[in-house]
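Here's the letter readout for the chains.
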Amino acid sequence: MIELIEKIESKADFIHFLNMLSKDFEKNPDEWENKTIPSFLEQMAGWVEDYSTSPANDIAWDTIQFRVFAQILYMGKMYE
């Protein structure tokens, strides 16, 4: 999965990654620490908080459009 992340350069790449992430959960559920949506989202938030202050941080947090990311996550709740 890390290799896919490193190759994301377009909307199509991102959609492909999301589909592969879903398939990875179906094929390898034992490799997933967070098996429910609440757990997944809570740990995602925890990772953002922790990594953004980590010395290993390599993300330009001030350039991310967080509103768009939030909309993408929210629409997963209701889109059919």
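Preceding block: the structure.
Note that the coordinates shown come from a computational prediction; the quantities given were computed from them, not determined experimentally. (Residues numbered from 1 in each chain as written. Predicted model: local features only at pLDDT ≥ 70, side-chain atom pairs only at ≥ 80, totals over all residues. Heavy atoms only, no water.)

(A) Just the overall build of the chain, in detail. Helices and strands together make up the secondary structure of the chain, namely four helices and zero strands. Buried residues in the chain amount to 8% of all 80 residues. Taking all contacts inside the chain whose residues are at least 6 apart in sequence as the whole, residues at least 24 apart take part in 10%. Accessible area for the chain stands at about 7200 Å²; split by element, carbon and sulfur atoms hold 58% of it. Here the chain carries 7 positive and 15 negative side-chain charges, and the mean point of each set is 9 Å from the other. (Helix = DSSP H or I, 4+ residues; strand = E, 2+ residues; numbered from the N terminus. Buried < 20%, exposed > 50% of the residue type's maximum accessible area, 1.4 Å probe, protein only. Contact = heavy atoms within 4.5 Å. Areas by Shrake-Rupley, 256 points an atom, 1.4 Å probe, with all protein chains shown as cover. Lys, Arg positive; Asp, Glu negative; His and termini not counted. Charge placed at Lys NZ, Arg CZ, Asp CG, Glu CD.)

(B) Geometry of the packing of aromatic side chains. Under the definition given, this model contains five aromatic pairs. On the basis of an interplanar angle of 5 degrees and a centroid distance of 6.4 Å, the ring pair of Trp61 and Phe66 is categorised as stacked. According to the relative accessible area criterion, Phe66 is partly exposed, its value standing at 43%. (Phe/Tyr/Trp six-rings, centres within 6.5 Å; stacked < 30°, edge-to-face > 60°.)

(C) Summary view of the layout of surface pockets. Of the volumes computed, that of the largest pocket is approximately 2000 Å³. Phe17, Leu21, Phe40, Met44 and Phe69 are, among the 39 residues lining the largest pocket, the residues nearest its centre. Looking at the lining of the largest pocket, the elements that each hand over two or more residues are helix 1 (2-6), helix 2 (11-27), helix 3 (37-51) and helix 4 (66-78). With 10 residues, helix 2 is the largest single contributor of residues to the lining of the largest pocket. (1 Å grid on protein atoms, 1.4 Å probe; cavity = no way out; pocket = protein on both sides within 12 Å on 5 of 7 lines; lining within 4 Å. Points joined across faces, edges and corners; volume = space filled by probe spheres on them.)

(D) Just the side chain of Asp24, in detail. Relative to the elements of secondary structure, Asp24 occurs in helix 2. Within the local environment of Asp24, its side chain forms a polar contact with the side chain of Trp32, the two groups lying 2.9 Å apart. Excluding its chain neighbours within four sequence positions, the residues that come into contact with Asp24 are Met1, Pro29, Glu31 and Trp32. (Polar contact = N/O pair within 3.5 Å; in protein donor to acceptor, adjacent residues only side chain to side chain.)

(E) Representation of a nonpolar patch on the surface in the model. A surface patch of nonpolar side chains, amounting to about 590 Å² of accessible area, comprises Ile37, Phe40, Leu41, Val68, Phe69, Ile72 and Leu73. Put simply, the parts of the chain that give the nonpolar patch at least two residues each are helix 3 and helix 4. Considering every element that reaches the nonpolar patch, the biggest residue donor is helix 4, with four residues. Summarising the element assignment, Leu73 is placed in helix 4. According to the relative accessible area criterion, Leu73 is partly exposed, its value standing at 38%. (Patch = residues over 30% accessible without salt bridge, like charges linked within 9 Å, V, L, I, M, F, W, Y side chains within 5 Å. Salt bridge = Lys/Arg side-chain N within 4 Å of Asp/Glu carboxyl O.)

Any functional reading would require information beyond the geometric quantities listed.
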